[in-house]
Amino acid sequence: PSMKRLGSIRKKPFFHNIRVQLSEQLKCLDNRLEVQTGIVNEFQDIFRRKAEIELNYSKELDKLGKTITNRHKESKQKRDGWQWFSSMQVWEQLVNQTKRSSRDHAALAEIYSTHISQRCTNITEDIQRMHKKCRHIGYEIHEEVLKVLHELHTAMKTHHNYQSEKDGRAHV
């Protein structure tokens, strides 16, 4: 077979292979977006659940502190003079620490549910925005590559036609 015929036979599989590779690149980009947003969503779910747990724990500690304080107030007459015992000071420190711990866990729940959740949302939006830009740029580059390859193929085809005509005239 002549070179001209060989060149035209190879064009379709070559261009198809390039198209497939370029398409695979965009699919990889799409898969990356899916994985990254999935991971951020998992983070967000974990912190949302942790916020619920911290808030419940905070409420339970608050109830405990109030119950102990109310019980102490109700039986104050029986406990007259207890303030002089070191165990009473330890008891007061324990109650105060329980109340502080309740506030700390409520603050942690607020951080998890509001700040971290919002940050995860921002990250997801950033990932999607970057993906859209990258996909658009990738598509434009792929179109340009295919256009240049088509122009190259046309130029080579023209060159082969001229070469064939030249070889044909040389043999006459």
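Residues numbered from 1 in each chain as written. Predicted model: local features only at pLDDT ≥ 70, side-chain atom pairs only at ≥ 80, totals over all residues. Heavy atoms only, no water.

Draft legend 1. Examining the overall build of the protein chain more closely. The number of helices and strands found in the protein chain is 2 helices and 0 strands. Taken over 172 residues, the protein chain has a buried fraction of 21%. Sequence separation of 24 or more characterises 90% of the internal contacts of the protein chain that already satisfy a separation of 6 or more. Put simply, the protein chain shows about 13700 Å² of open surface, and 57% of that area lies on carbon and sulfur atoms. (Helix = DSSP H or I, 4+ residues; strand = E, 2+ residues; numbered from the N terminus. Buried < 20%, exposed > 50% of the residue type's maximum accessible area, 1.4 Å probe, protein only. Contact = heavy atoms within 4.5 Å. Areas by Shrake-Rupley, 256 points an atom, 1.4 Å probe, with all protein chains shown as cover.)

Draft legend 2. Quick look at the packing of aromatic side chains. Under the counting rule described, the total for this entry stands at 1 aromatic pair. Ring centres 5.2 Å apart and planes at 55° place the aromatic pair F47 and Y112 in the tilted group. Here F47, found in helix α1 (residues 3–74), pairs with Y112, found in helix α2 (residues 86–171); they are 65 residues apart in sequence, far enough to count as distant. (Phe/Tyr/Trp six-rings, centres within 6.5 Å; stacked < 30°, edge-to-face > 60°.)

Draft legend 3. Representation of the environment of K132. Inspection of the secondary structure assignment puts K132 in helix α2. Judged by relative accessible area, which is 64%, K132 ranks as exposed. Residues K132 and L29, 103 residues apart in the sequence, show an inter-C-alpha distance of 9.7 Å.

Draft legend 4. Region of the structure containing the pattern of salt bridges. Applying the stated criterion across every chain yields a total of 7 salt bridges. When the shortest N-O distance is used, the salt bridge between D62 and K66 registers 3.3 Å. Of this pair, D62 and K66 both sit in helix α1, separated by 4 residues, roughly a single helical turn. Residue class for D62 comes out partly exposed when judged on its relative accessible area of 31%. A residue is classified by how much of its surface remains accessible, and K66, at 49% relative accessible area, is partly exposed. A salt bridge links D126 to R129, with the nearest nitrogen and oxygen atoms 2.9 Å apart. (Salt bridge = Lys/Arg side-chain N within 4 Å of Asp/Glu carboxyl O.)

Draft legend 5. Structural context of the confidence of the model for the protein chain. Averaged over the protein chain, the pLDDT score is 87; the fraction of residues at 70 or greater is 84%. Predicted confidence for residues 1–9 stays below pLDDT 50, and this span has 4 contacts to residues more than four positions away or in other chains. (pLDDT = per-residue confidence, 0-100.)

Draft legend 6. Up close: the side chain of Q44. In this fold, Q44 is placed in helix α1. Among all residues touching Q44, those that are not within four sequence positions of it are S117, C120 and T121.

Draft legend 7. Main features of a nonpolar patch on the surface. A surface patch of nonpolar side chains, amounting to about 280 Å² of accessible area, comprises V35, I39 and F43. Note on placement: I39 falls in helix α1. Judged by its relative accessible area of 43%, I39 is partly exposed. (Patch = residues over 30% accessible without salt bridge, like charges linked within 9 Å, V, L, I, M, F, W, Y side chains within 5 Å.)

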